[in-house]
Amino acid sequence: MGRADDRRARQRGGSRRAAPGHRSPQQAAPETAPDTPTAAGGTATAVESPAAEGATRAERRKAAAKGNPGKPAKQGKDGKPAKGRIRRLFTWKKMLGAFLGVCLLGIGAFIALYMMVSVPQGNPLAQTQSNVYKYSDGSVLARKGTVNREIVDLSKVPKDVQHTFVAAENKSFYTDNGIDLRGMARGLYNTAMGRGTQGGSTITQQYVKNYYLSQDQTVTRKLKELVISLKLDREVSKDDILAGYINTSYYGRGAYGIQAAAQAYYRVDAQKLSVQQGAYLASLLQAPSQYDWAVAGPVGKKLVQYRWNYTLNNMVGQGWLDKTKRDAMKFPIPKEPKAVSGLEGQKGYLVELANTQLENQLMKTQGISRSDAESLVVDKGWTITLNIDPKKQTKLEAAVKSQLTSKLDGKKRKVDKNVQAGAVSVDPKTGKIVALYGGVGYYDHYTSNATRADYQPASTFKPIILAAALDQDAQTQDGKPINADTIYDGTSGRAVKGSDIAFAPPNEDDADYGKIPVQTAMNKSVNSVFAQMGVDVGMKNVLKTANDLGLDTTDVQAVPAMTLGTMGASPLEMAGVYATLDNHGRKVTPTVLASAEQAGRKINLPNPIGDQVINKTAADQVTSVLTGVVDDGTAKVSVAQNPLRKGQQVAGKTGTSDYNKSAWFTGYTPDLVTSVGLFGEDAKTHNQVSLTGATGLISGTGRINGGGYPAQIWAAYTFGVTTKQKFELDTELGAAVKPTATPTLSSSPSETPSQTPSQTPTKSASPSLTPSKSPSLSPTTSPPATTTPPSTPDTSPTGDITDNPLDQGGGQ
């Protein structure tokens, strides 16, 4: 019987499948019906055949292989073999079909988007508007928005300079179709996941974003950017796209476009730019303010040099620059910024800080880069209200003039040209920056001394060590709790105990104090005591507390030298640290921004008052101790005995750094914290230099101490804007709540301030601790004593220079 017969048999309803034609007669014989009588008179029981109803050929083969030829496979409800649920849902055919369907839908959607989105009319000038900056009382501080842009034809830009932009941003620019699919996919994914932007754009895409669209980080904007970039690449030449890109980009210093940038940074027209200069301008686009050489910190300068080298090396790789010429090139340091109208005096410093803090907030909330944030802020029609109180601002400026700048005469003394002052004043209850002094004037000194962090804070760091000890209930190495009354050895040059790194810092003028309590050590700013205390607490713990209080401790090593305040810090940072102490340990992050609005949209600003970072009792005991520095220590003459004082209770700390390169006073009343710093900066090279001899009014060595001009500026300002108040402290220790023991000085210096230099024996200079984020690991030794009187800064004791208790108002 053939297959046709077999099918007909099954169609007739038979329960037995006809035997295949190739089977033997025995195999093809009909099966015995159930209980059929046999010739022997019995019955024969039916046995299920491999051809049982419903069994497939494959199932019969499997059953035969298992030795159970008559058992059919498990049946489903429809009479067909049952399958697993997952197997039924995810067959390869279904998965392939689904994938192809998604692809077709995506292609269709993109085609529809491509047809719907057209290249819009670019109008960058309409997007560039004046920003208005206001004081806290609503009066106008400044208006800034004159567009500094001059479009130049690409033929006016040297070919090599054109190549620097391509090498820096998009090496495949001349061959791609205007987009980077991989970069776009990454950008879309990161945007959808809320991770912000992470580069990957071509020059065409960046031009489209700058000229046709906006900096918004949305999926819709990115898709439009993709479509417009594709269309623009087909409709416009590469040269036109490149010209548009370099003419519309923002380069910092208020410069839009390469012509304005060439003038702003090198005082030349774009057509006279060198390859080196072009590479710098191309490198700027990644982060204009951070990479501006005039204001960049050490990290920013390293980053822009790396970017500059990367650009030139790419040019060599692309065959656009000869390697020999490239190897001979040197980094072209830009010229100082030119004056821009409307930002004279302190206004420029205030506007700069307001812009920076607004950019920081946009970067945080929108996940955008610094460059994009600047593009959103600079000259984009913002109304920005600052926390600056115009009356306090005027008082601070007047205090600096009356106490310092009016006494400087660069024609008589070269050192007077090198004196820079900076100050920040903060309300500790709200975190508002109510006054700021950035320097002699924004046009005359572009770098803000209020925010620069490249000078040592010196002994103003000592309260942080005590705060760490109190907050963590630290003990001395003989098991005694550390507090204001703990006795330490104040011997100058005494080697610290318990440190893996040898360290033996000298005290100011090598004075020995013997056994003294911590309160006296703070009053006299005794280096040897706080070096030992730092090791007792643990330098990592001290570093953590410094970070918690508001210092930037990035790359700072937790070594004993740090106890002398050898890292960099700004008056803004120090004001925040002391404001946190004044606010009983609750973190204060000083802010100049009161509000920022643009076209009816108001930016949500973070609360300047944060969480408790050290416990209240610890913070209050530090405040109590610091009142002793004012009433009985290095700030006694300038602050405590100041005739302007009207009963205000004051806490604070002086600081004078290595080789007298900086001098500080950071102090506070219950309602106001102000940090004042003086910095020695060479007027031509901008290198750090000594302040010694400035004004010519200080007798003896002429050293500028923290208890001198910085404390005098502080007092003239603070006592003019505050009223009589008392600290409310949760502590029973410190100078504010009980008197402390009078220290016994081994050298027995006079208690009366003197105008003449001390004639007591001093030790010669120890190795210098240069201002750095990475303090030296080398030990400080104590050379034999000499009979030489105090010498000039080049040979004076180093480490953190403390105030000489024998000098008038001398203060560390």
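Residues numbered from 1 in each chain as written. Predicted model: local features only at pLDDT ≥ 70, side-chain atom pairs only at ≥ 80, totals over all residues. Heavy atoms only, no water.

A. Representation of the overall build of the protein in the model. Counting secondary structure elements, the protein contains 27 helices and 20 strands. The proportion of buried residues among the 812 residues of the protein is 51%. Sequence-distant contacts, at least 24 apart, represent 72% of the contacts inside the protein between residues at least 6 apart. As presented, the protein carries roughly 36,800 Å² of accessible surface, and 52% of it is formed by carbon and sulfur atoms. (Helix = DSSP H or I, 4+ residues; strand = E, 2+ residues; numbered from the N terminus. Buried < 20%, exposed > 50% of the residue type's maximum accessible area, 1.4 Å probe, protein only. Contact = heavy atoms within 4.5 Å. Areas by Shrake-Rupley, 256 points an atom, 1.4 Å probe, with all protein chains shown as cover.)

B. How the structure looks around the pairing of strand S3 (residues 131-134). Pairing analysis gives four bridges linking S3 to strand S4 (residues 140-144), with the strands arranged antiparallel. Its bridge partner lying in S4, Lys 134 is registered against Val 140. Here S3 hands over to S4 after five residues, with Gly 138 in that stretch at a positive phi of 95°. By the bridge criterion, three bridges tie S3 to strand S7 (residues 382-386) in an arrangement that is parallel. If you follow Tyr 133 over to S7, its bridge partner there is Ile 384. (Pairing = 2+ DSSP bridges.)

C. Highlighting the packing of aromatic side chains. Enumeration over the complete set of coordinates arrives at 18 aromatic pairs. For the pair Tyr 280 and Phe 331, a centre-to-centre distance of 5.7 Å together with 85° between the ring planes defines the contact as edge-to-face. Of the two residues, Tyr 280 sits in helix H13 (residues 275-284) while Phe 331 sits in the loop between helix H16 (323-327) and helix H17 (347-366), which places them 51 residues apart along the sequence. According to the relative accessible area criterion, Tyr 280 is buried, its value standing at 0%. Among the residues examined, Phe 331 registers a relative accessible area of 17% and is labelled buried. Here the aromatic rings of Trp 714 and Phe 719 are separated by 5.7 Å at their centres, their planes lie at 85°, and the arrangement is edge-to-face. Ring pairs connect the aromatic residues Tyr 265, Tyr 266, Tyr 280, Trp 293, Trp 308 and Phe 331, which therefore count as one cluster. (Phe/Tyr/Trp six-rings, centres within 6.5 Å; stacked < 30°, edge-to-face > 60°.)

D. Spotlight on helix H12 (residues 258-266). For H12, a buried count of eight out of nine residues is recorded, marking the element as mostly surrounded by other parts of the structure. Residues of H12 that are buried: Ile 258, Gln 259, Ala 260, Ala 261, Ala 262, Ala 264, Tyr 265 and Tyr 266. Phi turns positive, to about 60°, at Arg 267, one or two residues after H12.

E. Just the sheet that holds S4, in detail. The strand order across the open sheet built from five strands is S4-S3-S7-S13-S14, with neighbouring strands paired in mixed fashion. On the outer flanks of this sheet lie S4 and strand S14 (601-602), each paired with one strand and no other. In the packing of H17 onto the sheet, contacts are made with S3, S4, S7, strand S13 (593-598) and S14, and the angle to S7 comes to roughly 110°. (Axes fitted to C-alpha atoms, helices over the stretch in contact; angles between N-to-C directions.)

F. Molecular detail of the side chain of Lys 238. Its place among the elements puts Lys 238 in helix H11 (residues 238-248). Contacts of Lys 238, omitting those with residues within four sequence positions, involve Phe 173, Tyr 174, Asp 176, Gly 178 and Asp 233.

G. Structural detail: the sheet that holds strand S18 (residues 672-680). An order of S9-S8-S18-S17-S16 is seen for the five strands of this open sheet, with the pairing classed as antiparallel. The sheet is open, and its two borders are formed by strand S9 (433-437) and strand S16 (651-656), each paired with just one other strand. Averaged over neighbouring strand pairs, the angle between their axes works out to 5° when direction is ignored. Pairing between strand S8 (residues 419-426) and S9: four bridges, direction antiparallel. Note that in S9 the partner of Val 426 across the bridge is Ile 433. Across the sheet, helix H27 (residues 709-721) lies against S8, S9, strand S17 (662-669) and S18, angled at about 150° from S18, the strand it touches most.

H. Examining the nonpolar core more closely. The biggest cluster of nonpolar side chains holds 88 residues, and the ones touching the most others in it are Leu 358, Ile 384, Leu 386, Ile 433, Phe 461 and Met 533. In this view, Met 533 contacts Ile 465, Leu 466, Ala 469, Ile 482, Tyr 488 and Val 518; residues no more than four positions away in its chain are not counted. Core analysis: the next-biggest nonpolar cluster, separate from the first, contains 48 residues, Tyr 212, Leu 242, Ala 261 and Tyr 265 among them. (Core = buried A, V, L, I, M, F, W, Y, C linked by side-chain atoms within 4.5 Å.)

I. Focus on the pattern of salt bridges. Going through the model one piece at a time under the given rule, you end up with 18 salt bridges. Where Glu 169 meets Arg 307, a salt bridge forms, and the shortest distance between an N and an O atom there is 3.2 Å. Residue Glu 169 is located in helix H7 (residues 159-169), and its partner Arg 307 is located in helix H15 (residues 298-317); the two are separated by 138 residues in the primary sequence. Here the two residues Glu 169 and Arg 307 agree in accessibility, since each one is buried. Where Glu 344 meets Lys 347, a salt bridge forms, and the shortest distance between an N and an O atom there is 3.4 Å. Note on Lys 347: relative accessible area 27%, which makes it partly exposed. A single salt-bridge network, built from bridges that share partners, covers Arg 452, Asp 454 and Glu 681. (Salt bridge = Lys/Arg side-chain N within 4 Å of Asp/Glu carboxyl O.)

J. Molecular detail of the environment of Pro 428. In this structure, Pro 428 sits in the loop between S8 and S9. Accessibility expressed as a relative area gives 0% for Pro 428, which makes it buried. On a C-alpha basis, the gap between Pro 428 and Thr 674 in space is 9.9 Å, while along the polypeptide they are 246 residues apart. Those residues within four positions of Pro 428 in sequence are excluded, and the remaining contacts are Ala 579, Asp 582, Asn 583, Val 588, Ile 609, Pro 670, Asp 671, Leu 672 and Val 673.

K. Layout of unusual backbone geometry. Backbone geometry places Asp 379, a non-glycine residue, at a positive phi of 55°. Inspection of the secondary structure assignment puts Asp 379 in the loop between helix H18 (370-377) and S7. For Asp 509, which is not glycine, the phi torsion reads 50° and is therefore positive. With respect to the helices and strands, the residue Asp 509 is situated in the loop between strand S10 (487-489) and strand S11 (515-517). Accessibility expressed as a relative area gives 9% for Asp 509, which makes it buried.

L. Structural context of the packing of helix H19 (residues 390-403) against H27. Running from N to C, H19 and H27 point in directions that differ by 145°, and their axes come no closer than 9 Å. Where H19 crosses over H27, the two elements pack in a sense that is right-handed. The segment H19 lies against H27, with Lys 392, Lys 395, Leu 396, Ala 399, Val 400 and Gln 403 engaging Tyr 709, Gln 712, Ile 713, Ala 716, Tyr 717, Gly 720 and Val 721. (Left-handed = near helix turned anticlockwise from the far one by under 90°.)

M. Expanded view of the pairing of S9. Counting buried positions over the five residues of S9 gives five, a clear majority of the element. Here S8 folds back onto S9 in antiparallel fashion, the turn holding six residues, of which Gly 431 has a positive phi close to 80°.

N. Region of the structure containing the confidence of the model for the protein. The share of residues in the protein with pLDDT of 70 or more is 71%, and the mean pLDDT across the chain is 80. Confidence drops under pLDDT 50 across residues 14-54; counting only partners more than four residues distant or on other chains, this segment forms 46 contacts. In this model residues 740-811 is a low-confidence stretch, pLDDT under 50, and it forms 181 contacts with partners more than four residues away in sequence or in other chains. (pLDDT = per-residue confidence, 0-100.)

O. Structural context of the packing of helix H9 (residues 203-211) against H11. The contact between H9 and H11 brings their axes to 9 Å, and the two run at 50°. The pairing of H9 with H11 is recorded here as oblique in orientation. Note on packing geometry: the crossing formed by H9 with H11 is left-handed. Residues Ile 203, Thr 204, Gln 206, Tyr 207, Asn 210 and Tyr 211 of H9 touch H11, and the partners they reach there are Ile 241, Leu 242, Gly 244, Tyr 245 and Thr 248. Counted by class, the contact of H9 with H11 contains six nonpolar, five polar and no charged residues. (Parallel < 35°, antiparallel > 145°, perpendicular 65-115°, else oblique. Nonpolar A, V, L, I, M, F, W, Y, C, P; charged D, E, K, R; others polar.)

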